[in-house]
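Observations on the model geometry
This is what each chain is made of:
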Amino acid sequence: MFSAEQSCWFVRKVICWRAVASIAWAVLLLPPITAVFVILSRFSLLHPIQTVSECLTFLTSASVIFSFILLCGVIIMVGFLNLEYYTVIPTIACSKIALLGQLLHPRHFVNSLAHCIMGIIVAWCCAITIGGRYEAVAYPCTPGDGADSSHQMCLNEYHFILLLAGAFVGLSHSMLGVIYNMNYVPFHTVQQYKYLRFKGSLPMLVKCSATQALYSVRNYIVLYFFLGYIPKAWICKTLNLHLNSSVHPLDSIAGLLDLNLLYQLWVSAGFLLLTWHVTLLLFRIFVTEVYSFAVQSSFTEDAHQCLPKVLTGKQSMILKFLALQDLALLSQHSPLRRVEVFSLSQPGGHPHNWNAISKECLSLLSDLTQRLIAYHDTVATNGRAKSLSTGSERKTSSETSVTSGTDDLMSPRPTFLMKTPASVFARSIVGSPLTAPFTPDLDSPFASPALRRLTAPPDPFSPWSGTVQSPHIMRRVPKLWSTSTDSQVNGSPPASPASVPSPKQEQSKPSLLAQFLQNRKEQLPEASSQALFADSQAHIWALEGLSYLVQASFSEDQFGVVQTALPSILSCMLVLQEAVDRHFKLPHASSKPVRSASSLGDSTHKTLRFALRATLKTAIYRITTTFGNHLNAIQMSAEHRKRLQQFLENKE
């Protein structure tokens, strides 16, 4: 997982100890959670005081202590799996086939198998804790049980169904982890103490565990009703057990209508999920804790641990994200550390710290800009990939000016962030109707010559002027957008009256099947947009770090190291702002997805594009309000100056 040699110090000194601390706290929280489970599983409304006293006595028995040791081992194993499978960039499946491929991946198969085994262990501990008819897997058969002799053993189906429930809940938890990105470790924008974060998340944690346990038990009961005879016959054959014919089998309606059985299954599943969710939450809290990197070091052996080296080196994802997070906080709240960023090297007098930091941040922003341009070009051509020759010939003057102005700060370097997956472009929005018009910006550097020719007014000297073109020629024109509003905006002739829907057609509602297919079609571009901005938390920190450092340099930069890079920074931000604005003009990009409240999986990655857009605009305003009219002396293209003037006049 951490293959880079430079990040070994970070894994050894930081990540491993944080993971161990989270597991230790999860083990310390296990006794109170177990005590609550014992009370809930053994509680009696008729004798409440007696039940509580019996539970307190039972907690000190040898069987409970042995079960607690097994539960501690399960918690340690869950913590190890969290450390092994976590990621700071969510994996977003852009289609059902891609999601199925993730579920069937061998790496996930090992994870599911481990969760099934741990679920069986936890379910066995729950059966021992509940006691009574759930305690043993077999009991001696009586002569009336259908066995030939009283020395035969019969299967205790209540114990068996509880063990299978543990395996099923473990498998469901592992699969939901892939579907809802539960291995995704998000970084909170509001910094809080670890205790306050855990305390604030605890009610949601209990609610999610209880809700997921309820759904898992429901699905398990249905599955056991139809297929329960298969594992039951296998366990009887393997352990040489018999079935008690004098009682109703549990894979029948009469057997499954046992309220006590359903209650114990739900409480046990809730206990299992709560312990695992607590371990996951503590791991997220500890791993994403702010780490303060040194800006510069007096010792050469510690130079690779300094912030500029960490940002520019080939490091692990978590190390890069923590470094960018520290940069964003440094630029806002640490005047002493900002002085080190603006300082010059001795001897030589070179701003190595500022050059390394600004170069990496601009490289991140430039990479996102290129991805947005490629995505928009793919969407504009209805999913058809453009040839390399065409793409190279259509490089506009604006892009050339930006590239020439930022060559010194945005030289090619190995990027650490996840590239946009191929599934983003493979099946774009082909065949999906666009629900809102999109007006291409012809003055933009992103507009291609072909697009300008399509939307240009008719030439009065053209032989085609004022005449109706042949339908064969019209079919050669790429159909970018399918609404009549777009044609009117671009100056093309309006749609014919025959194509205007009648009021009766507008009032008719689509069928349920049509709505279902429409939602499925809209999910594909929405998922591709989410995948495009999946790593945008790094870009948000880069924007904040750059803008705050530029703002502070107005009064703190004694050597003027920031002002030399100010044209490149503004050009990079303005180009990115235009690319983001064009992306949000797409019909699927401006609608916020609904967050799921019934799962522990974090859904903040679904709205990262909105946070990026707000952060980008705020960063540009932060620079313009600080420098004001001084920015008019900066050399930049006419289009960038026009765009910058909108910010200076507070019109954006």
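An account of the accompanying structure is given in this report. (Residues numbered from 1 in each chain as written. Predicted model: local features only at pLDDT ≥ 70, side-chain atom pairs only at ≥ 80, totals over all residues. Heavy atoms only, no water.)

A look at helix α2 (residues 30-42)
Because each turn of an α-helix spans 3.6 residues, side chains separated by three or four positions end up pointing in the same direction. Its 13 residues give α2 an end-to-end C-alpha distance of 18 Å, which sits within 8% of 18 Å, the value for a rise of 1.5 Å per residue. If you check which residues of α2 are buried, you get Leu 30, Ile 33, Thr 34, Phe 37, Val 38 and Ser 41. Down the axis of α2, the smallest arc covering the buried residues is 140 degrees, so these residues share one side. The secondary structure elements touched by the buried residues of α2 are α1 (8-28), α3 (48-58), α4 (62-85), α6 (106-130) and α11 (259-287). (Helix = DSSP H or I, 4+ residues; strand = E, 2+ residues; numbered from the N terminus. Expected span 1.5 Å × (residues − 1). Buried < 20%, exposed > 50% of the residue type's maximum accessible area, 1.4 Å probe, protein only. Arc of directions from axis to C-beta. Contact = heavy atoms within 4.5 Å.)

Section: the packing of α1 against α11
At a minimum axis separation of 9 Å, α1 and α11 run at an interaxial angle of 145 degrees. Relative to α11, α1 is oriented so that their crossing is right-handed. Between α1 and α11, the residues in contact are Ile 15, Arg 18, Ala 19, Ala 21, Ser 22, Trp 25 and Ala 26 and Thr 279, Leu 282, Phe 283, Phe 286 and Val 287, respectively. Here the residues of the contact of α1 with α11 sort into nine nonpolar, two polar and one charged. (Axes fitted to C-alpha atoms, helices over the stretch in contact; angles between N-to-C directions. Left-handed = near helix turned anticlockwise from the far one by under 90°. Nonpolar A, V, L, I, M, F, W, Y, C, P; charged D, E, K, R; others polar.)

Description of unusual backbone geometry
Leaving glycine aside, a negative phi is the common case for residues, and trans is the common case for peptide bonds. Even without being a glycine, Asn 181 presents a positive backbone phi close to 55 degrees. By secondary structure assignment, the location of Asn 181 is in the loop between α7 (157-179) and α8 (194-227). In this structure, Asn 240 is a non-glycine residue whose phi angle is positive, near 55 degrees. As for its position among the elements, Asn 240 is in the loop between α9 (229-239) and α10 (253-256). Note on Asn 240: relative accessible area 55%, which makes it exposed.

Some thoughts on the packing of aromatic side chains
Any two aromatic rings considered together are summarised by their centre-to-centre distance and by the angle between their planes. In total, this model carries 17 aromatic pairs according to the counting rule given. A ring pair is formed by Phe 10 and Tyr 291, whose centres lie 5.6 Å apart and whose planes are at 85 degrees; its orientation type is edge-to-face. Note that Phe 10 is positioned in helix α1 and Tyr 291 in the loop between α11 and α12 (307-312), a separation of 281 residues in sequence. When the centroid spacing of 5.9 Å and the interplanar angle of 40 degrees are considered together, the rings of Tyr 220 and Tyr 224 count as tilted. With a gap of four residues between them, Tyr 220 and Tyr 224 both fall in helix α8, about one helical turn apart. With relative accessibility at 6%, the residue Tyr 220 sits in the buried group. What links up through ring pairs into an aromatic cluster is the set Phe 10, Tyr 291 and Phe 293. In this structure, Arg 107 packs its charged tip against the face of Tyr 85, placed 4.4 Å from the ring centre. Over the ring of Tyr 548 we find Arg 622, and its NZ or CZ is 3.8 Å from the ring centre. (Phe/Tyr/Trp six-rings, centres within 6.5 Å; stacked < 30°, edge-to-face > 60°. Lys NZ or Arg CZ within 6 Å of the ring centre and 35° of its normal.)

What about a nonpolar patch on the surface?
On the surface, a cluster of nonpolar side chains totalling about 900 Å² of accessible area is made up of Val 222, Leu 223, Phe 225, Phe 226, Leu 227, Tyr 229, Ile 230, Ile 253 and Leu 257. Secondary structure elements with two or more residues in the nonpolar patch: α8 and α9. Per element, the largest residue contribution to the nonpolar patch is five residues, and it comes from α8. Relative to the helices and strands, Tyr 229 resides in helix α9. (Patch = residues over 30% accessible without salt bridge, like charges linked within 9 Å, V, L, I, M, F, W, Y side chains within 5 Å. Areas by Shrake-Rupley, 256 points an atom, 1.4 Å probe, with all protein chains shown as cover. Salt bridge = Lys/Arg side-chain N within 4 Å of Asp/Glu carboxyl O.)

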